[in-house]
Amino acid sequence: MLVKTHAIVLNTLRYGDSQVIVSLFTESHGRLSFIQKASRSPRCAVKRQLFQPLTLLDVEFDYRPHRGLLRIKEASIGVPFVSLPFDPYKLSIALFLAEFTAHGTVSEQSDRALYAFLYYSVRWIDACRGGFGNFHIVYMLHVTRFMGFYPDLAGYVPGACFDLRGGCFVGCRPSHADWLAPEEAGMIRTLMRLSYSTMHLMRLTREQRNRIVEVILHYYRLHVPSFPEMKSLPVLRELFG
């Protein structure tokens, strides 16, 4: 079945001398993987330059359910970037969030609401002119809405702990080790209320930001099977920690 859809590039792996394996989050079918002959030659139908992290594409491909690797027939830039590839701080965020999203999403599971959020997020970070140091934190927390483990904030009372396994506030310390003491639990409640337009109001130290990212990634590992260590995290810590 021939499919035309919008897509967001998540990652690209070199395969042999002239091919790449590309992971895309598509509007129509969720995350899909493609094996593609791609080069920088003007004669190549699908150019390798298109597959930079978080690039917004229009793609056409022959969709075959449950086939491991598909092939792209045509691909073009859907929305050109204004600043993201040219700003080292934004680019480091893009690399991290592309890797994060690739690990956190499920193959061949259509989710147009999630695609809309990813698309909006990419457009926002590309267009913003400053105050985006907390962008990756807000992004990761909001993605939990689509993954099925959005933290339940209703049970919060001052002095409550946060159960990372249950994703909820509790009145006493859980019997397991995956929980946050009241001070950090209250921080989770505050962070969940932030948006891209308000996140600049949250002033964080290097230690606080690194600790928050560490907790969020641990939360994902508890709820997403085989969620790995993030290879791009050290660069992000260096720039935004």
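So, here is what we can say about the structure in this document. Here the structure is a predicted model, which is why all the values come from computation and not from measurement. (Residues numbered from 1 in each chain as written. Predicted model: local features only at pLDDT ≥ 70, side-chain atom pairs only at ≥ 80, totals over all residues. Heavy atoms only, no water.)

### Side note on empty space enclosed by the protein
Here is step 1: Scanning all chains against the criterion turns up four cavities of 30 Å³ or more.
Here is step 2: Size it by volume and the largest cavity reaches roughly 70 Å³.
Here is step 3: For the largest cavity, the full set of lining residues is Ile 8, Leu 10, Leu 54, Leu 97, Thr 101, Leu 118, Ser 121, Val 122, Ile 125, Phe 135 and Tyr 139.
Here is step 4: Among the elements of the structure, β1 (2-15), α1 (88-104), α2 (112-127) and α3 (135-147) are those that each provide at least two residues to the lining of the largest cavity.
Here is step 5: A breakdown of the residues in the lining of the largest cavity according to their chemical character gives nine nonpolar, two polar and no charged.
Here is step 6: Estimates place the volume of the second largest cavity at around 60 Å³. (1 Å grid on protein atoms, 1.4 Å probe; cavity = no way out; pocket = protein on both sides within 12 Å on 5 of 7 lines; lining within 4 Å. Points joined across faces, edges and corners; volume = space filled by probe spheres on them. Helix = DSSP H or I, 4+ residues; strand = E, 2+ residues; numbered from the N terminus. Nonpolar A, V, L, I, M, F, W, Y, C, P; charged D, E, K, R; others polar.)

### A closer look at the state of the cysteines
Here is step 1: Under the defined criterion, the tally for this structure stands at zero disulfides.
Here is step 2: You can see Cys 172 has no disulfide; the closest cysteine sulfur is in Cys 161, sitting 7.5 Å from it. (Disulfide = S-S within 2.5 Å.)

### Here we look at the layout of surface pockets
Empty space among the atoms becomes visible once a probe the size of a water molecule is rolled across them.
Here is step 1: Approximately 330 Å³ is the volume found for the largest pocket.
Here is step 2: Along the walls of the largest pocket sit 15 residues, with Leu 10, Asn 11, Thr 12, Leu 13 and Glu 99 positioned nearest its centre.
Here is step 3: Looking at the lining of the largest pocket, the elements that each hand over two or more residues are β1 and α1.
Here is step 4: Of the residues contributing to the lining of the largest pocket, the split by class is eight nonpolar, four polar and three charged.
Here is step 5: There is about 190 Å³ of room inside the second largest pocket.
Here is step 6: In this structure, the second largest pocket is lined by Leu 180, Glu 183, Glu 184, Met 187, Ile 188, Gln 208, Arg 211, Ile 212 and Val 215.
Here is step 7: For the lining of the second largest pocket, a count of residues per class yields five nonpolar, one polar and three charged.

### Observations concerning the sheet that holds strand β6 (residues 161-163)
Here is step 1: Sheet architecture is open: three strands sit in the order β7-β6-β8, paired in antiparallel fashion. Only two strands of the sheet have a single partner each, and these edge strands are β7 (168-170) and β8 (179-180).
Here is step 2: Relative to β7, β6 runs antiparallel, the two sharing three bridges. The partner of Cys 161 across the bridge, within β7, is Val 170. (Pairing = 2+ DSSP bridges.)

### Re the pairing of strand β3 (residues 30-37)
Here is step 1: Across the eight residues of β3, seven count as buried, placing the element largely inside the fold.
Here is step 2: Relative to β3, strand β2 (residues 19-26) runs antiparallel, the two being bridged by eight bridges. Across the sheet, residue Gln 19 finds its bridge partner in β3, namely Lys 37.
Here is step 3: Between the end of β2 and the start of β3, which pair antiparallel, lie three residues. (Buried < 20%, exposed > 50% of the residue type's maximum accessible area, 1.4 Å probe, protein only.)

Any link to function would need more than the numbers given here.
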